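Chain by chain, the residues:
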2 protein chains.
Amino acid sequence: MVEGFGRRKTMRKIYLEDTPLQDAQKKIVDSVRFSPQVEIIPTREALGRVTAEPIYAKVSMPNFHASAMDGVAVKAEMTYGADEQHPVRLKRGEGYIEVDTGDPIPDGFDAIIMIENIHQIDDETIEILEAVAPWQHIRPIGEDVVVGEVIIPDRFKLRPVDLGALLAGGNVTVPVLRKPRVVIIPTGSELIEPSDTVAEGEIIEFNGAVFAAYLQEWGAEPIYHGIVPDDYAMIRDAVKTAVQDADLVLLNAGSSAGREDFTVHIVEELGEVLTHGVATRPGKPVVVGMVDGKPVIGLPGYPVSAYLNLEWFARMLVHHYYGLLEPQRPRVKATLGRRVVSVMGAEDFIRVTIGCIDGQYIANPLTRAAGVTMSMVRADGLLRIPPGDLGYEQGESVEIELYRPLEQIQNTIVATGSHDLTMDVLHSLLRKTNPERFLVSSHVGSMGGILAIQKGEAHAAGVHLFDEATGTYNLPFVQKYLRGQDVALIQLVYRQQGWIVKPGNPKGISSVHDLVKPGITYINRQRGAGTRLLFDYLLAQEGLDREQIYGYSREAVSHLSVAAAVAGGTADAGLGIYSVAASMGLDFIPVSEERYDLLLSGSFLRSAQGEELLSCIRSEAFAREVEALGGYSCRDAGKIVYAMSAD
Amino acid sequence: MVEGFGRRKTMRKIYLEDTPLQDAQKKIVDSVRFSPQVEIIPTREALGRVTAEPIYAKVSMPNFHASAMDGVAVKAEMTYGADEQHPVRLKRGEGYIEVDTGDPIPDGFDAIIMIENIHQIDDETIEILEAVAPWQHIRPIGEDVVVGEVIIPDRFKLRPVDLGALLAGGNVTVPVLRKPRVVIIPTGSELIEPSDTVAEGEIIEFNGAVFAAYLQEWGAEPIYHGIVPDDYAMIRDAVKTAVQDADLVLLNAGSSAGREDFTVHIVEELGEVLTHGVATRPGKPVVVGMVDGKPVIGLPGYPVSAYLNLEWFARMLVHHYYGLLEPQRPRVKATLGRRVVSVMGAEDFIRVTIGCIDGQYIANPLTRAAGVTMSMVRADGLLRIPPGDLGYEQGESVEIELYRPLEQIQNTIVATGSHDLTMDVLHSLLRKTNPERFLVSSHVGSMGGILAIQKGEAHAAGVHLFDEATGTYNLPFVQKYLRGQDVALIQLVYRQQGWIVKPGNPKGISSVHDLVKPGITYINRQRGAGTRLLFDYLLAQEGLDREQIYGYSREAVSHLSVAAAVAGGTADAGLGIYSVAASMGLDFIPVSEERYDLLLSGSFLRSAQGEELLSCIRSEAFAREVEALGGYSCRDAGKIVYAMSAD
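Residues numbered from 1 in each chain as written. Chains lettered and ligands numbered in written order. Predicted model: local features only at pLDDT ≥ 70, side-chain atom pairs only at ≥ 80, totals over all residues. Heavy atoms only, no water.

- Per an unreviewed UniProt entry, chain A is named Molybdopterin molybdenumtransferase, and its organism is Brevibacillus panacihumi W25.
- As recorded by UniProt, the Cofactor (unreviewed entry) comment attached to chain A reads in full: "Mg(2+)". (UniProt positions renumbered as here; feature names shortened; annotations may be inferred.)

**A few points about the overall build of chain A**
(1) Moving on: Broken down by element type, chain A carries 18 helices and 40 strands.
(2) Moving on: Whereas a compact globule of 647 residues would reach a radius of gyration of roughly 26 Å, chain A reaches 35 Å, over 25% beyond that.
(3) Moving on: In terms of overall dimensions, chain A has a C-alpha envelope of 110 × 75 × 45 Å along the principal axes.
(4) Moving on: Across the 647 residues in chain A, those meeting the buried criterion constitute 60%.
(5) Moving on: For chain A, restricting intrachain contacts to residue pairs at least 6 apart in sequence, the fraction spanning at least 24 positions comes to 76%.
(6) Moving on: Surface summary for chain A: the accessible area is close to 24700 Å², and the carbon and sulfur share equals 50%. (Helix = DSSP H or I, 4+ residues; strand = E, 2+ residues; numbered from the N terminus. Rg over C-alpha atoms; globule rule 2.2 N^0.38 Å. Buried < 20%, exposed > 50% of the residue type's maximum accessible area, 1.4 Å probe, protein only. Contact = heavy atoms within 4.5 Å. Areas by Shrake-Rupley, 256 points an atom, 1.4 Å probe, with all protein chains shown as cover.)

**Some thoughts on the relation of the copies chain A and chain B**
(1) Moving on: In screw terms, the move from chain A to chain B is a rotation of 180 degrees and a rise of 0.0 Å along the axis, fitting with an RMSD of 0.1 Å. When the rotation and shift are considered jointly, the pair of chain copies conforms to a two-fold rotation axis. Among all C-alpha atoms of chain A, that of Pro330 of chain A lies closest to the rotation axis, at 4.0 Å.
(2) Moving on: Both copies contact each other with a shared surface, as 99% of the interface residues of chain A are interface residues in chain B too. (Least-squares fit on C-alpha atoms with pLDDT ≥ 70 in both.)

**Comments concerning the packing of helix H4 (residues 207–218) of chain A against helix H7 (residues 303–322) of chain A**
Axes are the key here: two packed helices are described by the angle between their axes and the distance separating the axes.
All names here are of chain A.
(1) Moving on: Where H4 meets H7, the axes come as close as 10 Å, and the angle between the chain directions of the two elements is 30 degrees. Relative to H7, the element H4 is oriented roughly parallel. The way H4 lies across H7 gives a crossing that is right-handed. Between H4 and H7, the residues in contact are Asn207, Val210, Phe211, Tyr214, Leu215 and Trp218 and Pro303, Ala306, Tyr307, Leu310, Glu311, Ala314, Arg315, Val318, His319 and Tyr322, respectively. (Axes fitted to C-alpha atoms, helices over the stretch in contact; angles between N-to-C directions. Parallel < 35°, antiparallel > 145°, perpendicular 65-115°, else oblique. Left-handed = near helix turned anticlockwise from the far one by under 90°.)

**What about the packing of aromatic side chains?**
(1) Moving on: For the structure on display, the rule yields 28 aromatic pairs over all chains.
(2) Moving on: Measuring from ring centre to ring centre gives 5.7 Å for Tyr232 of chain A and Phe262 of chain A, while their planes differ by 80 degrees; the resulting arrangement is edge-to-face. With Tyr232 of chain A in helix H5 (residues 232–245) and Phe262 of chain A in the loop between strand S17 (248–252) and helix H6 (263–270), the pair connects residues that are 30 residues apart, well separated along the chain. Side by side, Tyr232 of chain A and Phe262 of chain A carry an identical accessibility label, which is buried.
(3) Moving on: One aromatic cluster is present, formed by Phe211, Tyr214, Trp218 and Tyr307 of chain A through successive ring pairs.
(4) Moving on: If you follow Arg635 of chain B out to its NZ or CZ, it ends over the ring of Tyr494 of chain B, 3.8 Å from the centre. (Phe/Tyr/Trp six-rings, centres within 6.5 Å; stacked < 30°, edge-to-face > 60°. Lys NZ or Arg CZ within 6 Å of the ring centre and 35° of its normal.)

**Topic: the UniProt feature "domain: MoaB/Mog" (unreviewed entry) in chain A**
(1) Moving on: Under the local residue numbering, the UniProt record ascribes the feature "domain: MoaB/Mog" (unreviewed entry) to residues 183–320 of chain A.
(2) Moving on: Regarding residues 183–320 of chain A, the helix share stands at 38% and the strand share at 25%, and the terminal C-alpha atoms are separated by 17 Å.

**A few points about the sheet that holds strand S5 (residues 88–91) of chain B**
Residues and elements named next belong to chain B.
(1) Moving on: If you walk across this open sheet you meet the three strands as S5-S9-S8, and the pairing is antiparallel. At either margin of the open sheet sits one strand with a lone partner, and together these are S5 and strand S8 (119–122). Between one strand and the next, the sheet's axes are offset by a mean angle of 30 degrees, whatever the strand orientation. (Pairing = 2+ DSSP bridges.)

**Quick look at the domain arrangement of chain A**
(1) Moving on: As assigned here, chain A comprises domain 1 (4–34 + 180–322), domain 2 (38–61 + 144–177), domain 3 (66–139), domain 4 (331–405) and domain 5 (440–643).
(2) Moving on: Computed over C-alpha atoms, the centres of domain 1 of chain A and domain 5 of chain A are 43 Å apart. (Domains from an automatic or database assignment.)

**A closer look at the packing of helix H10 (residues 422–433) of chain A against helix H17 (residues 608–617) of chain A**
Residue and element names in this part refer to chain A.
(1) Moving on: Viewed as axis vectors pointing N to C, H10 and H17 meet at an angle of 115 degrees, and their least axial separation amounts to 10 Å. Every pair of crossing elements has a handedness; the one defined by H10 and H17 is right-handed. Of the residues in H17, those touching H10 at Leu426, Leu429, Leu430 and Thr433 are Glu612, Leu613, Cys616 and Ile617.
(2) Moving on: Among the residues making up the contact of H10 with H17, the classes are represented as six nonpolar, one polar and one charged. (Nonpolar A, V, L, I, M, F, W, Y, C, P; charged D, E, K, R; others polar.)

**Description of the interface of chain A and chain B**
(1) Moving on: If you look at the interface, chain A gives 114 residues, while chain B gives 113 residues.
(2) Moving on: On inspection of chain A and its partner chain B, the count reaches eight salt bridges.
(3) Moving on: Measuring nitrogen to oxygen at the nearest pair gives 2.6 Å for the salt bridge that ties Glu149 of chain A to Arg378 of chain B.
(4) Moving on: Across the contact surface, chain A and chain B share 30 residue pairs in polar contact (both at pLDDT 80 or more).
(5) Moving on: Residue composition of the side of chain A that touches chain B, by class: 56 nonpolar, 24 polar and 34 charged. (Salt bridge = Lys/Arg side-chain N within 4 Å of Asp/Glu carboxyl O. Polar contact = N/O pair within 3.5 Å; in protein donor to acceptor, adjacent residues only side chain to side chain.)

**Thoughts on the sheet that holds strand S5 (residues 88–91) of chain A**
All names here are of chain A.
(1) Moving on: Read across the open sheet, the three strands follow the order S5-S9-S8; overall the sheet is antiparallel. Of all the strands in the sheet, just S5 and strand S8 (119–122) have a single pairing partner and so form its edges. Averaged over all pairs of adjacent strands, the angle between strand axes in this sheet comes to 30 degrees, irrespective of strand direction.
(2) Moving on: With four bridges joining them, S5 and strand S9 (residues 125–128) adopt antiparallel strand pairing. Across the sheet, Leu90 pairs through a bridge with Ile126, a residue of S9.

Structural data, given as structure tokens:
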């Protein structure tokens, strides 16, 4: 047997299987035989635990006949014949006894009369005007729970009210299944434990924390092993030890077919590989196998792939362990805001945002990159495209599995268009005013924002488009592209655009002419971004050609990304706003002040949400917080530049 | 001011308000001003916690340009012009460097070529056939998270994936709102802490455990105070102390207007009562008030009323504290199996079971008694009848708020008809075979069961109806009431019916003649129960009149309830099965052996669920467990007595 790193060259197998997901799931379920142990725990601590057997009542509830009302206990026989004409008088003690709700029925008495139906004659005498039947207003023994009755079935996940019934039935403790133990082994020499400083080449290990949290939600006991470097023998030993005590072992990453992807070889050496690669996008490179009778799942390193596979395999196995049905997420029908393509044969899982625009749910796909954790944070739901489908057209109705409650989605303002930090300020202010509101912004550039408003895909769009002909911002574009549509243009901020360069401006950049000098790398914005149009305008003004700019075709989707590229040293300059340069400690050479407006749909502006947003924009707090960022002016913020009602 | 018990007489106020629920909710929300404190906690432990402010990324993820593929890093410029005819050769070190996914891009290199697209010429040389663009297959700095970006908004409940994004952005700790502290004060001199033995007059305090579990689910910190007896001063002092540290105080019970209902007076003395009584059924007697700026809720003692009010007020306030929207339960449209009446002006909340019968959801109301905890355990959902409605007819379509996931409801066999302990055995066996299945049984008597099958409201019904004319069981009734319908009758068990009497049979009961003797109290079964028909038959045979039986009109709905009444001393005898007498240590005088069958709908018998049920009935385990109960014989169990296909 070849050991550890010695195998590196020979282990380079460069293909993965394309096992259909359901087949891979079935294979592991058929292989595994869980035999959960039983724990006896206090019922009060049993919320969410799963019963190990049917639970019977040990006592009745109530355990005695009890009054169901405030009133008096009587002997029914003594009331027979009573009516308005023939009232019956009863004496305290022998004829009646006062009782409150829940009191035991005194010996010899067999009915209750409500306090409202009694005439008190004197301290010792009452009069009643109606006969009562035996057992009236009496809670008989066992009305709630009868001794010997099954209160809760076998293999049942206990809810709050179940704990009440168990305790009412005298079950102070309850036999439950021990939680399945899931060992999480993060592997990778580049990994470091979470930290607020990261050196080049280091990656924060955060997948483990996400796995642990999910497992906790599903009722398992996560056991975090700690990081193991990319060393075949060390990982193998960790797996060998883990399977002894665990019900399930998760390895992350190393599940693909690369040079340092050891998982498949280790599972092969120690046990049996059932699946290596499923026909999904993302999530393909997964290893599913058995070692010493325990399932071992090798999860991919990219967060999105890892979390999807965790759900497909670990969630399923945890429920299988308990013998519980996997709860399904709620679904909603939505209209696709953009076309989505898929390849034949692979099952596609597309993260989407959902906006509730004029009462319609509009779903828009997020990035499909498996490395973008934030896309899972931002996703409102998941669109599944079956292996046989080639995708869906814009405007098609699709079913979305929800990641966020629908009530939240209904309370979310969908903002798009150009990226600006003031949108974050606005979101915070809005939530301070009304915490039920959310503002979600995606960055598609100013032109993209105009199109989104045109198509009814967003409530608001940030725009800063300079019109050369008129020398003004935004309005000419709105009039051109949204003629006759019910929209409004609201002044948000004035902001400084300028060259973002390294501290001290080592390359001495002061104008667009400096960017064509040899050895200067530029970082551009994406097509449709107002900042890109500004750059094109600056080039044209000086008669320069975009071909002369090294890096013109490299696109960043936000001001922050431009600044990050400069800070990271892969670009010497980019065009962007002052505040991001300042936040990353970069230098800033002003180029121009531009007007950044919010374009709103008319129906949104007139809605309660729209009113709240407008009053945030016009608040002193907004001006104060935005101007503190630097490079902004809030003069005129909230002015309605243009409004056209479609009526 | 009058103190403690001295006030008892004068405190007897016998009315409650009828405040509409929404008004009562609005009043308390308008009065309360929460100002949650902030805690800094490790991000890894922050699942389900609510952020106290927007969280920004402290580092970028990745923090360096990283390879997105396994392959080689190259300089894009060196590949320009490469194609099939003009391959470019690159030397290791200067021309290319091997990298794995996630590795930093070596200095001076600016693109990645995937391993699959490389021809290895020798150990030091590769050949490529296609030019690559700069930044191909490179994850730029900040692709996932850019430093300075808002990762998670203010007042957001953290999900597993959010923890990942926070850690990826260098947030090892996170500022969250301290959980709201909710003090639970159970009051009542009759209450005892949970126990498996209960004396007469004692009631197990279990509401507190249910409140605590719900509060935990909603993200609050429950603080269990321990039982306080019905003493005005002691309860008042407990409230005074509790409000100093708590965000919310719950008192249970004493919220009505009876002699020992102190809550309203205590809140009045210490602060302000906002509402005393809401216009709901059940749940009316609630006290909502403010003491020292803290909300105090007086919850009713009956469990169902208490849990509904807890949800209406405590759940709402916990979400209000955090500034979160209250998530709504999923809903489903169902057909009402029975008529439901409501009174004008009150909002009705009816617990229902839901069966999925032949693809249709059928909702049937459970008991409306507020004291029956088990009705909350058994409920699949809640039907809300608005104050202006008088109820709904059988067959009407209604919207039900779900307590149980729809998947579980779809996997539930709905059994009704007569009550027998073997149904519990069957349920346990069924879940051992397939834990995804549930069997839910309600007790409506044999005739009720036949009607339920006739109307398509149940899958199965237990029946034991003796036909005098033929001297046989069940079949004549099926042929009479279900003529031409697609049903099947399956033999389940033979069982002994007999007189259930106190140990030693002190009243010397051996035949129906002994029941008419003076001083003998009988406990009967409800109308439509096979056991009641048997009793009527026994009376008729001996020429006795039901008027002669003291207690004939007192109805118990199950064998267990009959035995409980005898064990509790409120009846001397009842007719029932051997096993319940044995389980409560009572004596049993056999009367007859009867056949207890299961009546099934034909479509159910042919379904996978029906097949599973039938094979459980025919299993050895079933016979073994049932016969061990005593008084049963399983000869012929599973025999198809009658089957008629409707086709």
